[in-house]
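Topology and contacts: notes
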Amino acid sequence: MPLRTSVLIALLFPVAWLSADGTPLPLGEWLFGESGNVSTIHELRGTGRRQNPLRRRLHEPFDGDAIFVRFRMEYAAESLDSPPQDEGEFFVLWLDEDEGGEGSSHSQGIPNLGVHVKDAGENRFMVRFDSKSEAYGPLLAGDRKFLLVARLSKSRSGADQPFDRLALWVDPKPDEVDEPHAAIDTENSTVKRVRWMGFSTGAKTEPEDRIRVRDLALATRWKTIFSAAAPGSIPPPIEPLSEAEIPDPPAYEPPPPPADIAAVDPPPASIETDHWAFQTIARPPTPDVRNRDWVRSPVDAFVARKHEELGLSPAPAADPATLARRMALVVSGLPSAGLPPARLPSDSLKDPADFDAYADTLLASTAYGERWGRHWLDVARWAESDGHQHNGDRLHAWRYRDWVVDAFNDDKPFDAFVREQIAGDEIEPYSPDHLIATGFLAAARYSGNELDKDIQRNDILVDIVNTTSKAFLGLTMECAQCHDHFFDPVTQWDYYRMQAFFAQGQPGDVVLEPNREAENLIAKRWGLFESVRDRLVESKRKEGVPEPVMVIPKSVPKGMTKPEALTFQRIEKAIADLPQTWAYYSPVTSPHELAAAPNRARWPLPFQREALEQTRVRFLDRGEPSAPGPEAESAWPGVFGATPPDLGGRPRLAFADWLTDPDHPLVARVWVNRIWQGYFGRGLVESSGDFGTAGAEPSHPGLLDWLARELIDSGWSTKHVHRLILRSNTFRQSALFSAANADRDPSNETLWRWQPRRLEAEAVRDSLLAVAGMLDARSGGPSVPIAQTETSHRRSLYLQQKRDQLPHQQMLFDGAGAVTSCAKRQVSTTGLQPLWMLNSEFMQTLSATLAARIAEECDDPPAQADRLLRLAFHRSSEKEEIEQLARRIRDSSLEDAVAIVLNTNEFVYLP
C-alpha cells in the first residue's frame, strides 16, 4: 500500500548499547518531536568490515512511483581520512526489499546514498545502484552537520516496475527540487518495492570513525520531507523486532545513550549573584574633590576624583573653533557649515556660557535626532529587507526609522521609548505611532523561503530575544539557547521563557488604522488567490507532477483568467495604497483589531489569529526545533526575581513594564552608558553590549550609577543626560598629550584628555555633502532606492538599507551590517578608504562642485586656499597651509586641492 502523502513515516532502529562490563543495556528509544520525525541522535562506528549497524522494516512496503528519504549526518573530523594517503570513507543509507545479512553490502542493484571515496581522491557524497551506476556530489567535510535528501523513483509507473532512478540533494533549499547535486539512472535495479532500509558501513569504515545520524524520515512529497506533519498527527505504528532480530553491536566502546529531553530539569526557583550589574541602582553622593574649579557639571566631579586618585592633571580646554566643530559633529553628525542658521553662529562662540547655548541649539535641531537615531538603529539591527536567501524588500520599514528620529527630537521619555518598541500594539489607547514603534521587534530577519514553520518561527524568536536582551539589558543571552550561560546567571529555561513573551506576535505589513474595509479587501484578495492556487495544484496533480504544493505565490497570478487577473490587480493596488508599516503585531494579545497585509515571501508564516493562538514555545534540546521539550511559560530571567503568574493577557506589555520599572538594575545603566559611548567613543562600561560577568568593569562605577539615577529622576529624559555631558569640562578638554599622564593611564580610561576618533561612515559622507553645499536636508519619508544611492544628496540615514546590499561607502567605513545588534562599530583603516575618498565618482563630482563654488567666490589661489580651509575645517587658516595649498592650486588645479583637503585626518576625525 502506498504511503499516505500527508504523513511522514518515522523509522525506528533498535540499538544495543554496551555497559562498562560489555553487557547489553536496554534498547535506546527514539523520541518523536512535534514534527513527527525522529529526533534522537545515534553515533555509529565502523568495524573494518561490512555491517548494517542500524536497520528497520517499514510498517507497509512501498511500491509507488516515487519516495523521498532524508537524514542528517555528521562525520567526526578527527577520524576523517585524507586520500590518497589514506583509504577514504564509506557510509550509506540503503533501501531494499529484503533485510539482508549483517555482512550484506546492499550494493548490487540496490539504491544507496551516502559517502564514498572517488578514484582514491576526495570523500564525496554519492548515489549508486552498483559500481557501474553511481554519481558523486559535493565534498564531505568533518564536524559539520549535513542534511541529505534523496528521491528514489521509477521511470515507468507501476507496482511491478523497478526503482531505477536516484537523485541526491545535500543541504538543499526548498526551491531546488529540480536541481539535485547528484543523480543516476540504471538498468540494473532489482528493487521494485521498499520494505527495509538501514545504514551500512564497509571495509573503509574504521573503528575510530564516528558518524552521527538523526532525523530519518520518509515521505512521498518534496514539501513534506522539509516540513512538519500536521499538528497532533501521530507517526504510523511499526512492527517490533524480536530479540533475535537485534544485530550484535560492534566490539568497541560506544558513547552513552542520548539523554531523554523530556526529562529536562525544571527552572530554578531563584538565582542569586553579587555581580555589580544586577544590584539596585543607588544615587551616590557627588564627590568632593580638590580641583573644584574644574567642575562645571557633576560629571566632572566623578572624573576628577579618578584623576586625583592616580595623580593626573586634566588637559586644558579645547580652543573655541575645535570645540564648536566637535559639538556640531558629535550632536548632529554635521559640521557647522551643514546646519541651518542657528541662534548663535559657531564662529562667535567664546565663553563657556556661549557653548551651553550652542549645545541647546544643536539638541533642538532635526539633525540631532537623525544623528542619534542612527546610533539606536545600529542597536536595533534595523534594515529594510528580510535578509536570508530571498532578502525581500520591506517597503514600509522606513516608518520605524522616522519614529526613532522623532523620538529623539521630541525627547520621548526613555521608558516610553522602551515600552512602545516592545509592546506598542498592546498599549491602549491605540496610536499608529505605537504600532510603528514595534518595528524594533519586526526588524528581525525573516526567512520567507523556509518551509519548516517550527524553524522559521524559532529563527525569528531567537533574533528577537538576542536583540532585546542586548539592547535593553546589556546581556548576551545567545548561548543560553543551547545550554545554561557559561558566565552569567542566566539559564536555558530563562531563554525560552523569555521567548514566550513574543510567541503570539509576528512581523508583517500592518495597516496603520483599524479599518473594516481594509480587512474585507484583504480577505477578498486571499479568497481569490487561494481558489486559483488550489485550481493550479489540482491541475498539476492530474498532469502527474509529484509536487504540486510547490506552486509558488508569484506563479498564481499567471494562472488566473483575464477577469480574475483584472480583479486581483485592482485589489492589490487598493491594498498597496493603504497606509502600512512593517510592525510586530499579535491579533491574540493586542486589544486592537488591525489588518495584516499579504506577505510577499514565498512561504510566509500564517498570520491568522487561529494559528497564532496555537503557538507555543518549548524548551529546545541543544536549541534544535526538531528536539522540543516541555512548554515554556512567559517569564523574565530568574535572577531578577519572580514573574507574576498573571500577565493580564498582554505579555509583552507586562515585560515592557518590568523593563522600565525605576528599580530595574540594568535598563537605565545600559542606556546612559550608550549615550556616554556616543560622546567619547568608549562607554563607562567598555563592553556596552555586555554588562555580564565576562564584560568589562565600569571605569567610573559611581558616575555610571549617578547618571542612571539622574536619567530616571529627570523623567527618563535623554536630552537631560546629553546636557550634563555637553556642559562638562570632561567633554570640553583638548586632545593635548601628556607623557606623565600617559605613564599612569596609557589608555586614557580616566579621561584626562579628549581622544580624537574617526567619524562614522554616515557622518563622513554627510560632512562631505555639507561643505560642498550639496546636502539635501529633507527629513523623513521613503528611503532613497538602491539604484540612486550613489547619486543622491540626502543624508546617509535615508539611503535604502537592504541587507547584503548596503551602500558601498557605508560598509567601506565600517557601517553596521544590520544582521545582529551592533553595540559598537569597529574602526578599520584600509587602503580602499583613501582611494574611495580620492577617486570614486561620488568624490570626483563633489570635488568639482566645491571647486566651482570656491572659484565663483574668489579667483586668487591664496584666497581660494583660505576659503577652502575655512569651509572644510571651520577655523582660520595658517599662513603655511595657505601657501602650500595655493602652490598645489597653481601647479595642478583647485579641484585637486579640494580632494586633498577632504582626504585629511582633520576632516574625517572628530577633533
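Source: prediction; values computed, not measured.

**With respect to the overall build of the protein chain**
The number of helices and strands found in the protein chain is 27 helices and 19 strands. A total of 911 residues make up the protein chain; the buried ones form 58% of that total. Restricting to contacts in the protein chain with at least 6 residues of sequence separation, those with at least 24 account for 72%. Put simply, the protein chain shows about 37,500 Å² of open surface, and 50% of that area lies on carbon and sulfur atoms.

**Quick word on the nonpolar core**
Judged by nonpolar contacts, the single largest core of 169 residues is most densely connected at W376 and I422. Among the elements that line this core, the one with the most residues is helix 16 (residues 667-680), at nine residues. When near neighbours in sequence (up to four residues on either side) are disregarded, W376 contacts Y400, V404, F408, F417, Q421, F440, A471, F472 and W671. A135, F163, I211 and L216 belong to the second largest nonpolar core, which has 38 residues in total.

**Points about the packing of helix 23 (residues 841-857) against helix 24 (residues 861-873)**
For any two helices packed against each other, one specifies the inter-axial angle together with the distance between the axes. Contact pair helix 23 / helix 24: the axes reach a minimum separation of 10 Å and the direction vectors enclose 125°. It follows from the interaxial angle that helix 23 and helix 24 lie oblique. Seen from above, helix 23 lies across helix 24 with right-handed handedness. Where helix 23 approaches helix 24, its residues L850, R853, I854, A855 and E857 are matched on the opposing element by Q864, R867, L868 and L871. Its residues placed into classes, the contact of helix 23 with helix 24 shows five nonpolar, one polar and three charged.

**A short note on the packing of helix 25 (residues 879-891) against helix 26 (residues 894-902)**
Contact geometry of helix 25 with helix 26 gives a least axis separation of 7 Å together with a crossing angle of 140°. The angle between helix 25 and helix 26 places the two elements in the oblique class. Residue-level inspection shows L885, R888 and I889 of helix 25 in contact with helix 26, the latter providing L894, A897, I900 and V901. A class-by-class count of the residues in the contact of helix 25 with helix 26 yields six nonpolar, no polar and one charged.

**Quick word on unusual backbone geometry**
P429 follows E428 through a cis peptide bond whose omega is -5°. For P429, the location among the structural elements is in the loop between helix 7 (414-423) and helix 8 (432-437). Positive phi outside glycine occurs at D171, with the angle close to 50°. Within the secondary structure, D171 is located in the loop between strand 10 (165-170) and strand 11 (182-185). Note on D171: relative accessible area 27%, which makes it partly exposed. Despite not being glycine, D804 has its phi angle at roughly 70°, a positive value.

**Quick notes on helix 15 (residues 651-659)**
In terms of residue burial, helix 15 counts as a mostly covered element, since eight of its nine residues are buried. Taken together, the buried positions of helix 15 are occupied by P651, R652, L653, A654, F655, A656, W658 and L659. On its buried face, helix 15 sits against helix 7, helix 9 (439-442), helix 10 (453-473), helix 11 (492-500), strand 15 (580-585) and helix 16.

**Quick word on the environment of Q569**
Considering the arrangement of structural elements, one finds Q569 in helix 13 (residues 562-576). Exposure remark for Q569: the relative accessible area of 51% places this residue in the exposed category. Sequence spacing of Q569 and P557 is twelve residues, and the spatial spacing of their C-alpha atoms is 8.9 Å.

**Here we look at the packing of aromatic side chains**
Applying the stated criterion across every chain, the model contains 44 aromatic pairs. Between Y400 and W403 the ring centres are 6.1 Å apart and the planes differ by 15°, which places this aromatic pair in the stacked class. Placement of the pair is Y400 and W403 together in helix 6 (residues 398-409), with a separation of three residues, close to one helical turn. Since its relative accessible area comes to 1%, Y400 is described here as buried. We classify W403 as buried; its relative accessible area is 6%. Each member of the aromatic cluster is reached from another via a ring pair, and the members are Y368, W376, Y400, W403, F408, F414, F417, F440, F472, W671 and W716. A cation sits over an aromatic face here: R525 above F529, 4.8 Å from the ring centre.

**With respect to helix 20 (residues 761-771)**
The element helix 20 is largely enclosed, with a buried count of eleven among its eleven residues. Listed in full, the buried residues belonging to helix 20 are A761, E762, A763, V764, R765, D766, S767, L768, L769, A770 and V771. Immediately beyond the C-terminal end of helix 20, within one or two residues, lies G773, with a positive phi of roughly 75°.

**Digging into the pairing of strand 9 (residues 146-153)**
Every other side chain in a regular strand lies on the same face of the sheet, so the side chains alternate between the two faces. The buried fraction of strand 9 amounts to seven of the eight residues, a majority that puts the element mostly inside the structure. Sheet topology note: the strand 4 (residues 66-75)/strand 9 ladder contains eight bridges and is antiparallel. Looking at strand 9, one finds that V69 is bridged to A150. Bridging between strand 9 and strand 10 involves six bridges; their strand directions are antiparallel. In the strand pairing of strand 10, A150 is matched with L168.

**Things to note about the sheet that holds strand 12 (residues 194-201)**
Pairing in this open sheet of six strands is antiparallel, and the strands run 3-12-5-6-7-8 from one edge to the other. Here the strands that pair on one side only, and so sit at the sheet edges, are strand 3 (51-62) and strand 8 (133-139). Adjacent strand axes in the sheet meet at a mean angle of 25°, parallel and antiparallel pairs treated alike. With five bridges connecting them, strand 5 (residues 90-96) and strand 6 (residues 112-117) associate as antiparallel partners. If you follow W94 over to strand 6, its bridge partner there is N112.

**Quick word on the confidence of the model for the protein chain**
Counting all residues, the mean pLDDT for the protein chain is 87, and 89% of those residues have values of 70 or more. Contacts of residues 1-39 to residues separated by more than four positions or lying in other chains number 113 contacts, the stretch itself having pLDDT below 50. In the model, residues 228-251 has pLDDT below 50 throughout and makes 36 contacts with residues more than four positions away in sequence or in other chains.

**Observations concerning the side chain of T730**
Within the secondary structure, T730 is located in the loop between helix 18 (718-726) and helix 19 (739-744). Relative accessible area serves as the criterion here: at 1%, T730 is assigned to the buried category. Contact partners of T730, with chain neighbours within four places excluded, come to W294, V299, D300, V303, F680 and L751.

**Comments concerning the pattern of salt bridges**
What the rule picks out here adds up to 48 salt bridges. The residue R723 makes a salt bridge to D360 at a minimum N-O spacing of 3.0 Å. Note that R723 is positioned in helix 18 and D360 in helix 4 (residues 352-363), a separation of 363 residues in sequence. Between E857 and R853 there is a salt bridge, and its shortest N-O distance comes to 3.9 Å. Of this pair, E857 and R853 both sit in helix 23, four residues apart, which is roughly one turn of the helix. Note on R853: relative accessible area 27%, which makes it partly exposed. If you follow the salt bridges from partner to partner, you end up with E370, R765, D766 and R795 in one network.

Rules used in this analysis
Residues numbered from 1 in each chain as written. Predicted model: local features only at pLDDT ≥ 70, side-chain atom pairs only at ≥ 80, totals over all residues. Heavy atoms only, no water. Helix = DSSP H or I, 4+ residues; strand = E, 2+ residues; numbered from the N terminus. Buried < 20%, exposed > 50% of the residue type's maximum accessible area, 1.4 Å probe, protein only. Contact = heavy atoms within 4.5 Å. Areas by Shrake-Rupley, 256 points an atom, 1.4 Å probe, with all protein chains shown as cover. Core = buried A, V, L, I, M, F, W, Y, C linked by side-chain atoms within 4.5 Å. Axes fitted to C-alpha atoms, helices over the stretch in contact; angles between N-to-C directions. Parallel < 35°, antiparallel > 145°, perpendicular 65-115°, else oblique. Left-handed = near helix turned anticlockwise from the far one by under 90°. Nonpolar A, V, L, I, M, F, W, Y, C, P; charged D, E, K, R; others polar. Phe/Tyr/Trp six-rings, centres within 6.5 Å; stacked < 30°, edge-to-face > 60°. Lys NZ or Arg CZ within 6 Å of the ring centre and 35° of its normal. Pairing = 2+ DSSP bridges. pLDDT = per-residue confidence, 0-100. Salt bridge = Lys/Arg side-chain N within 4 Å of Asp/Glu carboxyl O.

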